[in-house]
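Residue-level structure breakdown
What follows is each chain in one-letter form.
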Amino acid sequence: MTNYSLEDVNNIYFDVLKEIGNIGAGNATTAIASMLQLRLDMNVPKVQLLSFPELGGAVGGEETQIVGIYLEVGSDISGSMMFLLTMESARFLVNKMMMKEGGSTESFDEIEMSALKEVGNIIAGSYLSALASMTQLTITPSVPYLAIDMAAAILSVPAIQFGQYGDNALLIQTEFGDDVMIDGYFILLPDLESYGKILSSLGIQV
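Residues numbered from 1 in each chain as written. Predicted model: local features only at pLDDT ≥ 70, side-chain atom pairs only at ≥ 80, totals over all residues. Heavy atoms only, no water.

What about helix 6 (residues 192–201)?
How we decide: Burial classes: relative accessible area under 20% of the type maximum marks a residue as buried, over 50% as exposed, and values in between as partly exposed (1.4 Å probe, protein chains only). A run of DSSP states H or I qualifies as a helix once it reaches four residues; a run of E qualifies as a strand once it reaches two. Both are numbered from the N-terminal end.
Those residues of helix 6 that sit buried are L192, S194, Y195, G196, I198 and L199. Among the residues trailing helix 6, G203 stands out with phi positive, at a value near 80°.

Okay, structure coming up:
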């Protein structure tokens, strides 16, 4: 296995990751718009390589309650990915899906949790589809796991992997919506060998 970590990513690698983020966010916006039968606009995604302590601040603070959808990825590459939503954005999406009036702030019931998991599955699938299309690799996601907790607790899952794969993670922040903008955060954590496969498949020497 090549001996490098995510800190070694140079501008060329980072541009590739940004392009994957752009295409994935566009695919996700289109998929959600189709599902909700809405016309949604998307802001250009913000792509960053951040350490674990920085991730908590990027999603609103470690004590902020968020929704996290976690999946493992397999086949040609292995690793994990996570999609995070602010509580306000998650509630907005669920209300649209369930055709409820806006402004509801009560806890999510079992049906709404299932709907949220489906949203996460669609969005995560959009990013993985973008990655698979660009790299010509076969990438299969696991069944998604959903949790609602403080950001620090949810981010402890990828944090455990930081020690194995490097000190930084790729964070893609995206906004899409109509009159209300939805904040979402996508975290990709391929293992180092898979990271090399991704870059090599794009013709980038590692």
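What about the environment of D183?
Put simply, the rule is: Only heavy atoms enter the contact rule, under which two residues are in contact if any of them lie within 4.5 Å.
Examined against the element boundaries, D183 turns out to sit in strand 8 (residues 181–190). Along the chain, D183 and A90 lie 93 residues apart, while their C-alpha atoms are 8.9 Å from each other. Residues contacting D183, with those up to four places away along its chain left out, are L84, L85, T86, S89, T174 and E175.

As for helix 4 (residues 110–135)
Worth spelling out the cut-off: Residue count minus one, scaled by 1.5 Å, sets the expected span of a helix. The definition of a polar contact used here is a pair of N or O atoms within 3.5 Å, where within protein one atom must be able to donate a hydrogen and the other to accept one, and adjacent residues in sequence count solely through side-chain atom pairs.
With 26 residues, helix 4 should cover 38 Å at 1.5 Å per step; its first-to-last C-alpha distance of 37 Å lies within 8% of that length. Where helix 4 begins, the side chain of D109 points an oxygen toward the backbone nitrogen of I111, at a separation of 3.1 Å. Q136 sits one or two positions beyond helix 4 and adopts a positive phi of about 60°.

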